[in-house]
Amino acid sequence: MSFINQNALDDRLSAQQKARQAMVERFRQRPSADDPAVIARNAERKAIAEARAARAEERELARIAEEERKAAEAEAARQAEIARKAAELEAAAERARAVQAAQKAERDARYAARKAKIKLRR
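Residues numbered from 1 in each chain as written. Predicted model: local features only at pLDDT ≥ 70, side-chain atom pairs only at ≥ 80, totals over all residues. Heavy atoms only, no water.

**Focus on the overall build of the protein chain**
So the rule is basically this: Strands are runs of DSSP state E lasting at least two residues, helices are runs of H or I lasting at least four, and both sets are numbered from the N terminus onward. The globule rule used for comparison is 2.2 Å times the number of residues to the exponent 0.38, while the radius of gyration itself is calculated over C-alpha atoms. Here's how the labels work: a residue is buried when its accessible area is under 20% of the maximum for its type, exposed when over 50%, partly exposed in between, all with a 1.4 Å probe on protein chains only. Throughout, the Shrake-Rupley method with a 1.4 Å probe supplies accessible areas, and for residues the shown protein chains are the sole cover considered. We treat Lys and Arg as the positive residues and Asp and Glu as the negative residues; His and chain ends play no part in the count. Taken as the charge location is NZ of Lys, CZ of Arg, CG of Asp or CD of Glu.
Of the regular secondary structure elements, the protein chain holds two helices and zero strands. Expected size for 122 residues packed as a compact globule is a radius of gyration near 14 Å; at 48 Å, the protein chain overshoots this value by more than 25%. Seen through its principal axes, the protein chain has C-alpha atoms that stretch 155 × 50 × 10 Å. Counting the 122 residues in the protein chain, one finds 1% classified as buried. Summed over its atoms, the accessible surface of the protein chain is roughly 11200 Å², and 59% of this surface lies on carbon and sulfur atoms. Considering the protein chain, the positive charge centre built from 29 side chains and the negative charge centre built from 21 side chains are found 15 Å apart.

Now the structure itself:
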């Protein structure tokens, strides 16, 4: 029995050695860093990364511009509301002045009528 297990172990060890040798060969066949294909691939990756960064920056600028636009609209709406309320207050004050002037005129008329009545009695 141990003979069968020994052959299985030898087979596994030789398979492992062959796999390591294959990995070493693949590593040696890999192009070096100064290979034109590697340089081109790296340049392409760099261009893609720069384009991605530029698009992200554009999106960020668009988001900021949209926030500023919304803030400006909100401020304009707030100013319009303030102006509307001020106009309402001014109109209410004008109505109050008109009512007060009418009341004063009625009071003055009553006073003048009383004065005239008193003068007639004398």
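**Considerations on the pattern of salt bridges**
The line we're drawing: Each reported salt bridge corresponds to a side-chain nitrogen of Lys or Arg within 4 Å of a carboxyl oxygen of Asp or Glu.
Taken as a whole, this structure holds 10 salt bridges when the rule is applied. In this structure, the salt-bridge partner of Arg69 is Glu73, at a minimum N-O distance of 2.4 Å. Here Arg69 pairs with Glu73, and both are found in helix 2 (residues 36-121), just four residues apart, close to one helical turn. Residue Glu73 is classed as partly exposed on the basis of its relative accessible area of 45%. In this structure, the salt-bridge partner of Arg84 is Glu88, at a minimum N-O distance of 2.3 Å. Highlighted residues: Arg84 and Glu88, both in helix 2, separated by four residues, approximately one helical turn.

Nothing here speaks to function; it is all geometry.
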